Amino acid sequence: MAGDDLTASESAILVVLMAEAREVLNTELRDRYGLDVRKPQRDKLTRLHYVASRKSGPTYALQLDDKGWVRMQSDLDFALRGASALGAALTALQVNLRDRVLERSGCATLAELFALTDVRAPATEPDGSLEARVVAAYRALADEPGAWVSLRRLRPFFADIPRGDLDDALRRLSRSEGVTIAPESNQKTLTGADTAAALRLGGQDNHLLAIGV
């Protein structure tokens, strides 16, 4: 995605959020990694839809957004004056994760590779269909069968799939027994990322998926 003009520091923030693969507080990033995502960086990465952020008490909660996972599949520039070895290390790490480790892992995307639980569709699923991948991702994200999972959390695992194809698979799934796709009842809780991830179905925007109800 040439033209986003990311600095080496902003690229490094994406790497850290990729490795965390979850929503993490900026205070935790400072304590664990000595990384402080400041307002100009946060605003820029949010504007590019690479990072989703929300206010959480006195700090911000951050996570790699849908487009951020897609961006990680392309080359990043880690060149930093006076720290060429560090930049080379980060470049080598990203390139080889993408070009070697990902292929060997059997995962389709870096989001799957870094997921806290296995989101790959089991080999027993016929044809490795997109619907099977959605169900597998849901099961990894849901606390229990039938629990609501936001489409904002689901979409990053399908960065390799055109959005229209994923939307079509979700619509097909919605017609299956035990599958419900619904709007968030409390619209005031929706973030910009939730709105962007919504699925248009039944004449309204839907934000939540439940399977096994």
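Use the structure listed above.
Residues numbered from 1 in each chain as written. Predicted model: local features only at pLDDT ≥ 70, side-chain atom pairs only at ≥ 80, totals over all residues. Heavy atoms only, no water.

This next bit is on the packing of helix 7 (residues 130–141) against helix 9 (residues 163–174). For the pair helix 7 and helix 9, interaxial distance at closest approach is 9 Å and the crossing angle is 80°. Taken together, the axes of helix 7 and helix 9 lie roughly perpendicular to each other. Residues Leu130, Glu131, Val134 and Val135 of helix 7 touch helix 9, and the partners they reach there are Asp165, Leu166, Ala169, Leu170, Arg172 and Leu173. (Axes fitted to C-alpha atoms, helices over the stretch in contact; angles between N-to-C directions. Helix = DSSP H or I, 4+ residues; strand = E, 2+ residues; numbered from the N terminus. Parallel < 35°, antiparallel > 145°, perpendicular 65-115°, else oblique. Contact = heavy atoms within 4.5 Å.)

Quick look at helix 1 (residues 8–20) now. With 13 residues, helix 1 should cover 18 Å at 1.5 Å per step; its first-to-last C-alpha distance of 19 Å lies within 8% of that length. When you tally the buried positions in helix 1, you get ten out of 13 residues, the bulk of the element. Buried residues of helix 1: Ala8, Glu10, Ser11, Ile13, Leu14, Val15, Val16, Leu17, Met18 and Glu20, and no others. Residue Ala21 follows helix 1 closely and has a positive phi angle near 50°. (Expected span 1.5 Å × (residues − 1). Buried < 20%, exposed > 50% of the residue type's maximum accessible area, 1.4 Å probe, protein only.)

Attention now goes to the pattern of salt bridges. Applying the stated criterion across every chain yields a total of 18 salt bridges. Between Arg54 and Glu23 there is a salt bridge, with the nearest N and O atoms lying 2.9 Å from each other. Residue Arg54 is located in strand 2 (residues 51–56), and its partner Glu23 is located in the loop between helix 1 and strand 1 (24–25); the two are separated by 31 residues in the primary sequence. Its relative accessible area of 31% is what places Glu23 among the partly exposed residues. In this structure, the salt-bridge partner of Arg32 is Glu28, at a minimum N-O distance of 3.6 Å. Here the residue Arg32 and the residue Glu28 both occupy positions in helix 2 (residues 26–33), the gap between them amounting to four residues, near one helical turn. Members of the salt-bridge network, linked through shared partners, are Glu20, Arg22, Glu28 and Arg32. (Salt bridge = Lys/Arg side-chain N within 4 Å of Asp/Glu carboxyl O.)

Don't take any of this as a statement about function, it's just geometry.
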